[in-house]
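Chain by chain, the residues run as shown.
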Amino acid sequence: MRIGIASDHAGFALKKQLKEALKDTGHAVVDFGPFSLSPKDDYPDFTVPLARAVAQSKVERGIAICGSGVGACIAANKVQGVRAALISDYFSAHQGVEDDNMNVICFGAQVISYALAWDLTRAFLTAQFVRSTRTIDPNESRKKRMKEYKYLIIGGGMTAASAVYGIREIDSIGSIGLISAEADAPYNRPPLSKALWKGEALDSIWRDLKSKKVEIHLRTIAKEIDLKRKRVACENEEIYCYEKLMLATGVRPKQLPFGDDSIIYFRTVSDYRNLRALTGTAKRIAVIGGGFIGSEIAAALTMNGKEVTMIFPGESIGDRIFPRDLSQFINQFYKQKRVELFSGEKIIGLEKKGNQYSVKTANQKDIIADGIVAGIGSLPNIELAQAANIATKDGILVNEFMRTSNQDVYAAGDVAIFYNPSLAKQIRVEHEDNANTMGSLAGRNMAGKNDPYLHLPFFYSDMFELGYEAVGELDSRLETISDWKKPFEEGVVYYLKNDRVRGVLLWNVWKQVDAARELIAEPGPFTPSNLKGRLK
Ligand SMILES: Cc1cc2nc3c(=O)[nH]c(=O)nc-3n(C[C@H](O)[C@H](O)[C@H](O)COP(=O)(O)OP(=O)(O)OC[C@H]3O[C@@H](n4cnc5c(N)ncnc54)[C@H](O)[C@@H]3O)c2cc1C
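Everything quoted here is computed from the prediction, not taken from an experiment.

A.B. asks: Help me understand a nonpolar patch on the surface, please; the structure alone is not making it clear to me.
C.D. replies: On the surface, Val70, Ile74 and Leu86 cluster together into a nonpolar patch covering about 230 Å² of accessible area. Relative to the helices and strands, Ile74 is located in helix 3 (residues 70-77). With a relative accessible area of 48%, Ile74 lands in the partly exposed category.

In structure tokens, the structure reads:
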């Protein structure tokens, strides 16, 4: 079906979200606006071209969005052949969809959530226009919208998938529900910036949950936890009851205060699809950020024939984790690979110039690119937990069994702060091994086990043909001892504090992760002479 969509400035953000969601439905979407992004010179009848296209069957159905939805609805209904309805709540909407042969729906962006708007759009697009009257009993409908699960997981990432595996190791029949804000079922994130750019198929990333008997609710955002009634309310008005709840809400990318949807903040498979699509037309791509994501994406795009410019505030790539000489070597290495580097640059603005962007820096640099992707850090998704009075800091606090301050609520993965005995401190880790190991342990504990999490997670990254694994605290402010077999090509870097090893970087050195963990657990004292040659 061809769907027309239009908004004024007030409906622009909702329109963008709906368009993104519609991408995966197989419908063709035709965008009729907005005519202005500025409230100053707003175009009051923005709906008219859309409504005309519906009346002339150029598109089969239309979606019009403005602040309240009212103006859009009035304007659309003036066009002969158009039957527009204002939709602002679930029950009226369904009655409208089922009773009427309406061909345009109008949303008020300021009165409806995205999740509800998406839910109603789906109903609108699949409705059979029967022209019969049908009354919906709100109570019956509400009952249908309340589901009970023995185990409920909020989050659709790697931790959530691993928690499902963990639960099923112990309990093969208890019902499991999984709520995810994403449009895609759980998948592995690391290939998004690595393997998928080296020829690996997109199909390889999906987590296998088919045999695990889990009900997955995609594009569903949990908005409130009622700890007393053991219920989670979602933005689409669904309510899920639980016996045990798991918060695997992970992190979200930090964003710059400008640029909006011009910048791809790289985290999800949807971001990957967008970046892939961009590479179809863009020649020059600016990558903002010199950390994990920035360095991996810059390498991936360069290997795919793009001219890449990296812009970051630090002195060199990875300078927050690598010793200075290594990080400076990486700068040279990227330059040899023809990546243009703007180090020590803070971005202060972004301007669209025709089909290109101009990135402005505090040092008055003006960097032109056809597209922009960013990895500038992340923020833990703790707001749900905070609102429910679950203990949080810069993450959700859990004990060694992954329990939060509430008995029946667990948390794990990127969002969880836990005490690690080897480092003798509380940490929060944003890496794959932690997501998988902690997620499955939390799942087992939810299902009745009571095992402590004593694991010190490792992590890894790839930059062109360079690769490493690492354990513990990699912080360039610590004392470091580098033990190179071949300088910057193969070797081990030890990170020390008070004569103890706090972290180990295994640079092109493999199968030493367990030995590194043992070293971190040892009391020391360690010196350059007793560490050199220890791991190789
Ligand atoms: C591009 C990329 C490359 C990476 N490469 C590596 C690597 O090489 N090595 C490594 O060790 N690690 C890597 N990582 C890190 C690793 O992928 C993460 O540590 C891991 O994915 C964390 O999983 P998680 O499930 O805890 O959190 P997330 O992946 O952040 O998942 C959280 C999920 O919860 C959902 N959610 C949040 N709030 C709500 C809500 N209120 N309602 C419903 N759903 C909600 C989110 O939509 C998301 O689906 C990489 C990460 C990225 C993004």
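A.B. asks: What's the story with the sheet that holds strand 27 (residues 466-472) in this structure? I'm lost.
C.D. replies: The pairing of strands in a sheet happens through backbone hydrogen bonds and is either parallel or antiparallel. One open sheet accounts for five strands, arranged 26-27-30-29-28; its pairing is antiparallel. Where the open sheet ends on each side, the last strands, each with one partner, are strand 26 (458-463) and strand 28 (479-486). Across this sheet, the average inter-strand angle for adjacent strands is 15 degrees, counted without regard to direction. The sheet contact formed by strand 26 and strand 27 spans six bridges and is antiparallel. The partner of Ser461 across the bridge, within strand 27, is Tyr468. Sitting on the sheet, helix 9 (residues 292-303) is in contact with strand 26 and strand 27, with an inclination near 35 degrees to strand 26. Relative to the sheet, helix 13 (residues 513-521) contacts strand 26, strand 27, strand 29 (490-497) and strand 30 (500-507), its axis offset from that of strand 30 by approximately 165 degrees.

A.B. asks: What am I meant to see in the site of the ligand here?
C.D. replies: The environment of the ligand is formed by 35 residues, the closest being Thr159, Glu182, Arg189, Lys194 and Asp414. A distance of 3.2 Å separates an oxygen atom of the ligand from a polar atom in the backbone of Val251. A total of 1,000 Å² of accessible area belongs to the ligand in isolation, and the protein chains cover 93% of it. Contributing elements (two or more residues each) for the shell around the ligand: helix 7 (158-170), helix 9, helix 12 (432-446) and strand 26. Viewed by domain, the shell around the ligand spans two of them, domain 2 (146-252 + 380-446) and domain 3 (260-376), each represented by three or more residues.

A.B. asks: Quick question: what am I supposed to make of the environment of Ile293 here?
C.D. replies: Structurally, Ile293 is set in helix 9. Note on Ile293: relative accessible area 31%, which makes it partly exposed. In sequence terms Ile293 and Ser343 are 50 residues apart; their C-alpha atoms lie 16 Å from each other. Ignoring anything within four residues of it in the chain, the contact list for Ile293 reads Phe266 and Gly375.

A.B. asks: Teacher, can you tell me more about the sheet that holds strand 24 (residues 416-420) here?
C.D. replies: Strand order in the open sheet formed by three strands is 22-24-25, with mixed pairing between adjacent strands. The two strands at the open ends of the sheet, each matched to only one other strand, are strand 22 (396-397) and strand 25 (425-428). Here strand 24 runs beside strand 25; their pairing, made up of four bridges, is antiparallel. Each bridged residue has a counterpart across the sheet, and for Phe418 the counterpart in strand 25 is Ile427.

A.B. asks: Is there a simple way to think about the pattern of salt bridges in this case?
C.D. replies: Two side chains carrying opposite charge are able to pair once their charged atoms lie near each other. Taken as a whole and judged by the stated rule, the model has 32 salt bridges. One salt bridge connects Arg273 with Asp184, and the closest N-O pair in it is separated by 2.9 Å. Pair noted here: Arg273 is in helix 8 (residues 269-281) and Asp184 is in the loop between strand 7 (176-179) and strand 8 (214-217), with a separation of 89 residues, a long-range link. Exposure remark for Arg273: the relative accessible area of 28% places this residue in the partly exposed category. Connected via shared salt-bridge partners are Lys283, Arg284, Glu307 and Glu340.

A.B. asks: Please explain helix 13 as it appears in this structure.
C.D. replies: Residues three or four positions apart in an α-helix share a direction because the helix packs 3.6 residues into each turn. Along helix 13, the positions that sit buried rather than exposed are Val513, Ala516, Arg517, Leu519 and Ile520. Buried residues along helix 13 cover an arc of 160 degrees about the axis, so they all sit on one side. Opposite the buried face of helix 13, at more than 90 degrees from it, the exposed residues are Asp514 and Glu518. Next to the buried residues of helix 13 lie helix 12, strand 26, strand 27, strand 29, strand 30 and helix 14 (528-531).

A.B. asks: Is there a simple way to think about the pairing of strand 15 (residues 307-311) in this case?
C.D. replies: Looking along a regular strand, one sees side chains alternate from face to face of the sheet. With four of its five residues buried, strand 15 lies for the most part within the structure. Relative to strand 15, strand 14 (residues 284-288) runs parallel, the two sharing five bridges. In the sheet register, Ile288 faces strand 15, and the bridge partner there is Ile311. By the bridge criterion, three bridges tie strand 15 to strand 16 (residues 340-342) in an arrangement that is parallel. Within strand 16, the residue paired with Thr309 across the bridge is Glu340. Crossover connection from strand 15 via helix 10 (residues 324-336) to parallel strand 16: handedness right-handed.

The rules behind these values
- Residues numbered from 1 in each chain as written.
- Predicted model: local features only at pLDDT ≥ 70, side-chain atom pairs only at ≥ 80, totals over all residues.
- Heavy atoms only, no water.
- Patch = residues over 30% accessible without salt bridge, like charges linked within 9 Å, V, L, I, M, F, W, Y side chains within 5 Å.
- Areas by Shrake-Rupley, 256 points an atom, 1.4 Å probe, with all protein chains shown as cover.
- Salt bridge = Lys/Arg side-chain N within 4 Å of Asp/Glu carboxyl O.
- Helix = DSSP H or I, 4+ residues; strand = E, 2+ residues; numbered from the N terminus.
- Buried < 20%, exposed > 50% of the residue type's maximum accessible area, 1.4 Å probe, protein only.
- Pairing = 2+ DSSP bridges.
- Axes fitted to C-alpha atoms, helices over the stretch in contact; angles between N-to-C directions.
- Contact = heavy atoms within 4.5 Å.
- Near = heavy atom within 4 Å.
- Polar contact = N/O pair within 3.5 Å; in protein donor to acceptor, adjacent residues only side chain to side chain.
- Domains from an automatic or database assignment.
- Arc of directions from axis to C-beta.
- Right-handed = clockwise from strand over helix to strand, strands pointing away.

In short, the description is geometric, and any link to function would need to be established separately.
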